[in-house]
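Notes for the structure review
For reference, the chains in residue letters:
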Amino acid sequence: MAIVKNDSVIEQEWITVDAEGDLPSSDENLIVPLARFKEERDVLLGRNGGLGVQLNPGDAPEDLADDLDRLSIITVNFPAYTDGRGYSYGRVLRERMGFTGELRAVGDVLRDQILYMHRCGFDSYDLQVEGDVALNKVRAALKEMSVYYQPTGDGRVTAQSLRERRRAVLQS
Amino acid sequence: MYRYDDFDRQLVLERTEQFREQVKRRLAGDITEEQFRPLRLMNGVYLQLHAYMLRVAVPYGTLRADQLRQLGMIARKYDKGYGHFTTRQNIQYNWPKLDEIPDALLDLAKVEMHAIQTSGNCIRNTTTDQYAGAAADEIEDPRPYCELIRQWSTFHPEFTYLPRKFKIAVTGSPNDRAAVKVHDIGLRMHQNDAGETGFEVMVGGGLGRTPFVGKTIREFIGKNDLFSYLEAILRVYNRFGRRDNKYKARIKILVHEEGIDKIRELVEEEWAQIKDGSLRVDDAEIAHYIEQFAPPAFEALSDDDADFERHKAENRRFANWVRSNVIEHKQPGYAIANVSLKPIGGIPGDATDSQMELVADLSEKYSFGDVRVTHEQNLVLPHVKKADLFAVWSELDKAELGTANLGYVTDIISCPGLDYCALATARSIPLSQRISERFGDLDRQHDIGELKIKISGCINACGHHHVGHIGILGLDKRGKEFYQITLGGDASEDAAIGKIAGAGFSEAEVVDAIESLVTKYIDIRESGERFIDTYRRVGMDPFKEVLYGDR
């Protein structure tokens, strides 16, 4: 009900369509499921509006390798918060494939998973709560922890690199 | 031993505060039990039959004296004065109150402990050889790598919602005391042809309702590459592991269904893309961790101690304890002393607050403040001077911790069973107590020799029955408990899954059935054969015959 990105609530500017059915007018910004993108790729790329793709669990982000620079947004669906496949998709898209557009978590997106999503490269979150509540949840989640052990593509400094820095200072 | 630095300390404190907040939200009704469930599980809090249960991590089974003392204090303050050491080298408290658990976690944090990832579909506590750093047969101390795995796996953002739980075990010795072949990933240290030390990587082992011995996915991975290789396996599992059925969601099923060759191909393909990335750990960093587990300041001693020999000659009970519970140490003049938590007729793995405090005191006085927890639910004082063994045993004996039965028929692994567990179909503890009493006579136990009995109260196999020389599985048949016997299981480097002997036995019959198996073994064993050796030589039939006759 509210999308949070870059510490603010943003407008929904995208229409997500199903696997089948008519496409809206050519000017609308569309998000289509990966399967449909693969089937109707040329038609979709020829439209005027913005284009995004939704990944569902079981999809392969690698299928988008040739088209990443044509996509403004990729949404990753978490049908249940317990289905963690989307975390791998996020890291593969960001760290391996170099996707720089918006990476949005949709579906069962809850406060207690947001930090992990952020660490895996997500930068927007579609929450099932109203604006300010959603914003407060995201803010609280992102500042809950300050120590990180794993190097991921989110740019957070790991405990290990801080330790190395400290050792280097002590030795100099 | 590893000491937290300010980063580790900060992380655990933040986690404690985070959980306090989550408990508050749950108690206020802001989140549902269903939403709270994975959060509490990720902090080791289960809902059992009668109460919440708190499972505290003992990373790679290593405890300092102050930590064990604090575990005793927590048993007294938040529980009924005891705790239960588990097959995963952890400790469980059975009676904490939910609103007090954040305080218990804070008390744990004070001694650099936590309950992080002791449950939930994430990477669990890494386990290893309880004799690490002390064993005479060790290639290298595995704990520095275990600590690196602990850090890598703690709050791993990608692997916190896996298809199912994930357990990693490491052995630094060719004699596997960590059951690495029945873990999701088993790591065995060895040297390659170039003389470098690294790891054989096994994957897809496990117990539960579909037991498998792990398969080798890579003969050798160097130390620098271990962590990227683990990440590659986990990523393949996270992406491709089954999520449609929780009983088919472990990596062992993926390996079984796809075949080890296919999984190897996927993992190697993934690894090729990340192996030169930021998970590559350089020698300097590894050296830093090795330094933290440096051997304590052993004295240069003769391996023979006259007083020790004299005490053995004069005190038969002490001599018996030495024979079963004391193991050779790599350092001359020192020994590894096992503290049995299996008193005859007792509850396997339970220790009282004062017992924990006593072992903590003894470790401080005699073992460099170092204590280990074993996956067979005992404790270890890893570095005791031979000259001190008699003093240690005398103190243990007074506290009912001096039972001389390590590896014997009464050293039973048992899950909590229907006395505590919400999943159990039968009781395990009372049965293990009755078996222990039946075979309580020490001379008889010594005569029987090594015999590993393992009891699970349901098919989830927490009591490791599949890998018991004699395994016992408690089931429910129309409201009555009955027990199925398996033979020939083994958790060691010769890992094997036991075979079902036949129809199950009633609660009244099962102890007699076990005794008839033991009697048969005594009758037909050849010189030097353990029960498992005899079973391997003669097979199931002779044992089946004594169990069932013409039945």
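Just so we're clear, the structure is a prediction, and the values are computed from it rather than from any experiment.

**Observations regarding the overall build of chain A**
The number of helices and strands found in chain A is six helices and eight strands. Taken from the N to the C terminus, the helices and strands of chain A come in the order β-β-β-β-α-α-β-β-α-β-α-β-α-α. Structurally, chain A occupies a C-alpha span of about 65 × 35 × 30 Å along its principal axes. The buried share of chain A, taken over its 172 residues, is 38%. Expressed as a percentage of contacts within chain A between residues at least 6 apart in sequence, the contacts between residues at least 24 apart total 49%.

**Notes on the packing of helix 4 (residues 111–119) of chain A against helix 5 (residues 131–142) of chain A**
All names here are of chain A. Across the interface, helix 4 lies against helix 5 with an axial gap of 8 Å and an inter-helix angle of 60 degrees. Put simply, helix 4 runs oblique to helix 5. Crossing hand, helix 4 versus helix 5: right-handed. Counting all contacts with helix 4, which are made through Arg111, Asp112, Ile114, Leu115 and His118, the residues of helix 5 involved are Lys137, Val138, Ala140, Ala141 and Leu142. Each residue belonging to the contact of helix 4 with helix 5 can be placed in one class, and the counts come to six nonpolar, one polar and three charged.

**Here's the deal with the interface of chain B and chain A**
Each side of the interface is counted separately: chain B has 24 residues, and chain A has 23 residues. Among the elements of the structure, helix 1 (6–27), helix 2 (33–41), helix 5 (143–153) and helix 6 (226–240) of chain B are those that each provide at least two residues to the side of chain B that touches chain A. Considering every element that reaches the side of chain B that touches chain A, the biggest residue donor is helix 1 of chain B, with five residues. Partitioned by chemical class, the residues of the side of chain B that touches chain A number nine nonpolar, 10 polar and five charged.

**Notes on the environment of Ser161 of chain A**
All names here are of chain A. With respect to the secondary-structure elements, Ser161 resides in helix 6 (residues 159–171). Residue Ser161 is classed as partly exposed on the basis of its C-beta count, with 13 C-beta atoms lying within 10 Å. Between the C-alpha atoms of Ser161 and Tyr149, which are 12 residues apart in sequence, the distance is 9.3 Å.

**A short note on the sheet that holds strand 9 (residues 197–203) of chain B**
Residue and element names in this part refer to chain B. In spatial order, the strands read 6-7-8-9-10; together these five strands make up an open sheet with mixed pairing. Edge positions in the sheet fall to strand 6 (127–128) and strand 10 (215–222), since each has one partner strand and no second. In terms of strand pairing, strand 7 (residues 168–171) meets strand 8 (residues 185–191) through four bridges, oriented parallel. Each bridged residue has a counterpart across the sheet, and for Val170 the counterpart in strand 8 is Leu187. Most of the contacts of helix 6 go to strand 9, to which it runs at about 10 degrees, and overall it touches strand 8, strand 9 and strand 10.

**Observations regarding the pairing of strand 9 of chain B**
Residue and element names in this part refer to chain B. Of all seven residues that make up strand 9, five are buried, and the element is covered over most of its length. Strand direction decides the pairing type here: strand 8 and strand 9, joined by seven bridges, are antiparallel. Looking at the pairing, Met189 lines up with Phe199 of strand 9. Connecting the antiparallel pair strand 8 and strand 9 is a turn made up of five residues, with Gly195 showing a positive phi of about 80 degrees.

**Here we look at the sheet that holds strand 13 (residues 350–352) of chain B**
Residues and elements named next belong to chain B. Spatially, 1-2-5-4-13 is the arrangement adopted by the five strands of the open sheet, whose pairing is antiparallel. At either margin of the open sheet sits one strand with a lone partner, and together these are strand 1 (45–47) and strand 13. The average undirected angle you get between the axes of adjacent strands in this sheet is 30 degrees. Bridge analysis of strand 1 against strand 2 (residues 52–56) gives three bridges, and the strand direction is antiparallel. Bridge pairing links Leu47 to Tyr52 in strand 2.

**Overview of the nonpolar core**
Core analysis: the largest hydrophobic core is formed by 127 residues, its most contacted members being Tyr125 of chain A together with Val201, Val203, Ile233 and Ile472 of chain B. The element contributing the most residues to this core is helix 6 of chain B, with nine residues. Once you skip the residues sitting within four places of it in the chain, Ile233 of chain B turns out to touch Ile185, Val203 and Val267 of chain B. With 60 residues, the next largest nonpolar core counts Leu71, Leu105, Phe308 and Leu401 of chain B among its residues.

**Focus: helix 3 (residues 85–96) of chain A**
Across its 12 residues, helix 3 of chain A extends 16 Å between first and last C-alpha, which sits within 8% of the 16 Å expected from 1.5 Å per residue. Looking at the buried positions of helix 3 of chain A, the neighbouring elements they touch are strand 5 (51–55), strand 6 (73–78), strand 7 (102–107) and helix 4 of chain A together with helix 6 of chain B. Phi turns positive, to about 75 degrees, at Gly98 of chain A, one or two residues after helix 3 of chain A.

**A closer look at the domain arrangement of chain B**
Along its sequence, chain B is carved into domain 1 (6–109), domain 2 (134–289), domain 3 (306–398) and domain 4 (413–548). A straight line from the C-alpha centre of domain 1 of chain B to that of domain 4 of chain B covers 33 Å.

Scoring rules and cut-offs
Residues numbered from 1 in each chain as written. Chains lettered and ligands numbered in written order. Predicted model: local features only at pLDDT ≥ 70, side-chain atom pairs only at ≥ 80, totals over all residues. Helix = DSSP H or I, 4+ residues; strand = E, 2+ residues; numbered from the N terminus. Buried ≥ 20, exposed ≤ 12 C-beta atoms within 10 Å, placed from the backbone. Contact = placed C-beta atoms within 7 Å. Axes fitted to C-alpha atoms, helices over the stretch in contact; angles between N-to-C directions. Parallel < 35°, antiparallel > 145°, perpendicular 65-115°, else oblique. Left-handed = near helix turned anticlockwise from the far one by under 90°. Nonpolar A, V, L, I, M, F, W, Y, C, P; charged D, E, K, R; others polar. Pairing = 2+ DSSP bridges. Core = buried A, V, L, I, M, F, W, Y, C linked by C-beta atoms within 7 Å. Expected span 1.5 Å × (residues − 1). Domains from an automatic or database assignment.

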